[in-house]
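Here are the chains, one letter per residue:
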Amino acid sequence: MTPPEAPIVGKDASTGDMPPAVSLRLEVLRKRPDFQRAARAAHVAKPGFVVQMRERRSDEVPGQDVIRVGFTCSKKVGNAVARNRAKRRLREIARLALPTEGRGGMDYVLIGRKDKTADLPFAQLRDDFSDALKTLHARAK
RNA sequence: GCGGAAGGCUGGAUGGCCGCGGCGGUGACUCCACUGUCGAGGAAAGUCCGGACUCCAGGAAGAAACGGUGCCGGGUAACGCCCGGGCGGGGCAACCCGACGGAAAGCGCCACAGAAAGCAAACCGCCCCGGGUGCGCCCGGGGUAAGGGUGAAAGGGUGGGGUAAGAGCCCACCGCGCCCCUGGCAACAGGGGCGGCACGGCAAGCCCCACCGGGAGCAAUGCCAAAUAGGGACCGCGCGCCGCAAGGCGGGGCCGCUUUCGCCCCAGCAGGUCCGGGUUGGCAGCUAUAGCUGCCCUCGCAAGGGGGCAGUCAGAGGAAUGGUCAUCCAUUCGGGGGCGACCCCGGAGGACAGAAUCCGGCUUAUAGGCCUUCCGCGCGU
């Protein structure tokens, strides 16, 4: 079932992000202060998750060629198994979309929701994430 | 075949595409790319016990307090765990359950009901004597504890003798207590003798006895680096008393307590040197041994012990061990076909649950599937 999905990726890739994407790198957020700064920035809520995005200041350590992304699932999401599964699915949609649809110099934080993050169809999660990114990028303009 | 008891195993499979963490290799190799290899559980969970390990308290001994354990024996590094046994209780049985030391060391409590709840008493009764009778019984005195009733429990139980009625008053058996013998390492069991019964229950109320326990925890702890508050030591100057000097005197401190042994410190100051350090980050601790896994020998009823061979098996740190799709596998729902086992089409969903220093246990959660042994009933031979 991979072939049917390939056109989607190809279509998104043709929107014009290809040239700067040459050296975009993904890094994972690990420090609490980074999460707290992102929490004060813009956010978009979708059924399966919430996305926060913050533009790093130009003098911050990771340069403009780096996209950073963090994942948060609090105890409200469920027990350890539910939290881990939600986080893994969030990681996957981020990994699939950010190299082509993300912007350098941004910190993204994805927040899991109870039951929805683990149960919604994967394709819907991907579509919602693309929509959320477009909304955030338009707002940041 | 039906019903039941005990124990054990498993807990989705295969493949495609795309990924993650550790270690190794290769490449102009701090980034990165490619490649090889390894990568969650029986409970990883609760954090309830027991340890290893680390730090704290100066060494040793002791006492008190506090906490825990509690039939006996064995196993173990240890345990509150495990195995075997005893006793008590439940079940036709297989088997299961048990805070199971001490109540003549002391204190305390025993609700409700009941006449009476621990010291002997007597509500209804029963019996005898005296008196009165309207003959139904009533009053007074005394003897009883068999019967009724209450209760979780009422001063041994059953039967016989005995008596006015009764009563260990007497007798037999059972129970209980003491002594002795036998078996057993022991808990305990069996037997004999004596005693006429005295010693109610609760120790999951305090308590007593025996045994065990110092405290805190990997966010332990050690190392490195930067900035900085600002503390201490030594050198130098100076310095209470005694002494030529070494040093002593005097004062103070060191495990929560005690004893003993031992140790340490002691005004002030411009300067120099060194140490130290809240916090943040990095590295170590960090995964291999009271090991684990498989097979075998041996001792033991067993838990387990001794030995041999082979292999070596997650180490993250906002936390890797996955995401997704397809097929199969069981499960279930709807429709159809077939006498039936079952088959076809479509759909749903896949138990509990995710390592965080590491072991040994316990407890709790768990869809479905599988295996072994045993018991009762029924049927057949």
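Sequence order as written defines residue numbering, which begins from 1 separately in each chain. For naming, the first written chain is A and the first written ligand is 1, with later ones following in the order written. At least 70 in pLDDT is required for a residue's local features to be given in this predicted model, at least 80 for side-chain atom pairs to be given and counted, and no such filter applies to totals for whole chains, interfaces and linings, which use all residues. The side-chain numbers reported here are obtained from all heavy atoms of the structure, hydrogens and water having been left aside.

Section: the pairing of strand β3 (residues 49–55)
Inference 1: Exposed residues in this analysis have more than 50% of their type's maximum accessible area, buried residues have under 20%, and partly exposed residues fall in between, with area computed by a 1.4 Å probe over protein chains only. Per the convention used, a helix needs a DSSP run of H or I reaching at least four residues, while a strand needs a run of E reaching at least two, with both numbered from the N terminus. Of all 7 residues in β3, 6 are buried, a share of seventy percent or more.
Inference 2: Note that strand β2 (residues 42–45) and β3 share 4 bridges and pair antiparallel. Residue pairing across strands places His43 opposite Gln52, the latter belonging to β3.
Inference 3: Strand pairing is assigned whenever DSSP identifies at least 2 bridges connecting the two strands. Following β2, the chain reverses through 3 residues before pairing antiparallel with β3.
Inference 4: One ladder, built from 7 bridges, connects β3 with strand β5 (residues 106–112); its direction is antiparallel. Counted as the bridge partner of Val51 is Leu110 from β5.

Section: helix α5 (residues 122–140)
Inference 1: Here a helix's expected span is defined as the number of its residues, less one, multiplied by 1.5 Å. End to end, α5 covers 27 Å across 19 residues, agreeing with the expected 27 Å (1.5 Å per residue, within 8%).
Inference 2: Among all positions of α5, only Leu125, Asp128, Phe129, Ser130, Ala132, Leu133, Leu136 and His137 are buried.

Some points on helix α3 (residues 80–101)
Inference 1: A rise of 1.5 Å per residue sets the reference length of α3, with its 22 residues, at 32 Å; its end C-alpha atoms lie 30 Å apart and thus fit the reference within 8%.
Inference 2: Think of it this way: the bend at a residue is just the angle between two axes, each fitted to seven residues, one set ending at that residue and the other starting at it. Maximal helix bending in α3 amounts to about 30 degrees, located at Arg95; proline Pro99 follows within four positions.
Inference 3: Every buried residue of α3 is accounted for by Ala86, Arg89, Leu90, Ile93, Ala94, Ala97, Leu98 and Glu101.

Details of the confidence of the model for chain A
Inference 1: The predictor's confidence in any single residue is recorded as pLDDT, a number from 0 to 100. The predicted model of chain A has a mean per-residue pLDDT of 70, with 74% of residues at 70 or higher.
Inference 2: Should any heavy atoms of two residues lie within 4.5 Å, those residues are considered in contact. The low-confidence segment residues 1–22, where pLDDT is below 50, has 8 contacts with residues more than four positions distant or belonging to other chains.
Inference 3: Scored as a whole, the predicted complex attains pTM 0.69, and scored at its interfaces, ipTM 0.63.

Here we look at the packing of α3 against α5
Inference 1: To define axes, lines are fitted to C-alpha atoms, for helices over the stretch in contact only, and angles between the resulting N-to-C directions are given on a 0 to 180 degree scale. Contact geometry of α3 with α5 gives a least axis separation of 10 Å together with a crossing angle of 50 degrees. Of the possible angle classes, the one that applies to α3 and α5 is oblique. Relative to α5, α3 is oriented so that their crossing is right-handed. Residues Arg89, Glu92, Ile93, Ala94, Leu96, Ala97, Leu98 and Glu101 of α3 lie in contact with α5, whose contacting residues are Phe122, Leu125, Arg126, Phe129, Ser130, Leu133 and His137.
Inference 2: When residues are grouped by polarity, Ala, Val, Leu, Ile, Met, Phe, Trp, Tyr, Cys and Pro land in nonpolar, Asp, Glu, Lys and Arg in charged, and all others, Gly among them, in polar. Considering only residue class, the contact of α3 with α5 consists of 9 nonpolar, 2 polar and 4 charged. Orientation is classified from the angle alone, with under 35 degrees giving roughly parallel, over 145 giving roughly antiparallel, 65 to 115 giving roughly perpendicular, and any other angle giving oblique. Crossing chirality is assigned from the near helix's rotation relative to the far helix, an anticlockwise turn below a right angle marking it left-handed and a clockwise turn marking it right-handed.

So, the environment of Arg40
Inference 1: You can see Arg40 is positioned in the loop between α2 (32–39) and β2.
Inference 2: Considering only alpha carbons, one finds Arg40 and Arg54, 14 residues apart in sequence, at a separation of 8.4 Å.

A few points about the pattern of salt bridges
Inference 1: Here, a salt bridge means any side-chain nitrogen of Lys or Arg that lies within 4 Å of a carboxyl oxygen of Asp or Glu. Considering all chains together, one arrives at 3 salt bridges under this definition.
Inference 2: For the salt bridge of Arg54 with Asp107, the shortest nitrogen-to-oxygen distance reads 3.1 Å. Of this pair, Arg54 sits in strand β3 while Asp107 is found in strand β5, placing the two residues 53 residues apart along the sequence.
Inference 3: With a relative accessible area of 0%, Asp107 lands in the buried category.
Inference 4: Here Arg68 and Asp107 are joined by a salt bridge, their closest N and O atoms 2.9 Å apart.

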